[in-house]
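Close look at the chain arrangement
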Amino acid sequence: MAYYFQKPNKLLHQNYETLLEACLKNKCLFKDENFPADLHSIGMGSLLQKLPPKLQWKRPHVSDVQ
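Scope of this entry: the structure provided in the associated data block. (Residues numbered from 1 in each chain as written. Predicted model: local features only at pLDDT ≥ 70, side-chain atom pairs only at ≥ 80, totals over all residues. Heavy atoms only, no water.)

**Here we look at the overall build of the protein**
Each helix and strand counted, the protein has 2 helices and 0 strands in total. Every one of the 66 residues in the protein was classed for burial, and the buried ones make up 5%. (Helix = DSSP H or I, 4+ residues; strand = E, 2+ residues; numbered from the N terminus. Buried < 20%, exposed > 50% of the residue type's maximum accessible area, 1.4 Å probe, protein only.)

Structure follows, in structure tokens:
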């Protein structure tokens with residue numbers, strides 16, 4: 001079976017290059033209104049009970065060592 005690389009579909013009409021350009025131009029971090037940084041984006045019900053009580057959302061470049 002052959003596999004071919006395809007351009008990914010734009011999720012909710014979001015375009016990475018356009019978003020990156022806007023964030024750099026405005027000197028701001030991207031905030032995704034479609035996937036907010038809160039527990040409801042992770043899941044509901046019993047899944048939330050399995051998460052650490054003080055879960056924090058962090059950007060990939062942020063680490064605990066500062």
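Structure's up, so let's keep going.
**Looking at the layout of surface pockets**
Of the volumes computed, that of the largest pocket is approximately 280 Å³. Taken together, Phe30, Lys31, Asp32, Phe35, Pro36, Ala37, Trp57, Lys58, Arg59 and Pro60 form the lining of the largest pocket. Looking at side-chain class alone, the lining of the largest pocket contains 6 nonpolar, no polar and 4 charged residues. Size it by volume and the second largest pocket reaches roughly 210 Å³. Along the walls of the second largest pocket sit Gln14, Asn15, Tyr16, Leu19, Leu20, Cys23, Leu24, Cys28, Leu29, Phe30 and Arg59, which together make up its complete lining. In the lining of the second largest pocket, the residues fall into 8 nonpolar, 2 polar and 1 charged. (1 Å grid on protein atoms, 1.4 Å probe; cavity = no way out; pocket = protein on both sides within 12 Å on 5 of 7 lines; lining within 4 Å. Points joined across faces, edges and corners; volume = space filled by probe spheres on them. Nonpolar A, V, L, I, M, F, W, Y, C, P; charged D, E, K, R; others polar.)

**Some details on helix H1 (residues 16-26)**
Counting buried positions over the 11 residues of H1 gives 1, only a small fraction of the element. Positive backbone phi, at 50°, marks Lys27, one or two positions downstream of H1.

**Description of unusual backbone geometry**
Notably, Lys27 is not glycine yet its phi reads approximately 50°, a positive angle. If you trace the backbone, Lys27 turns up in the loop between H1 and helix H2 (46-49).

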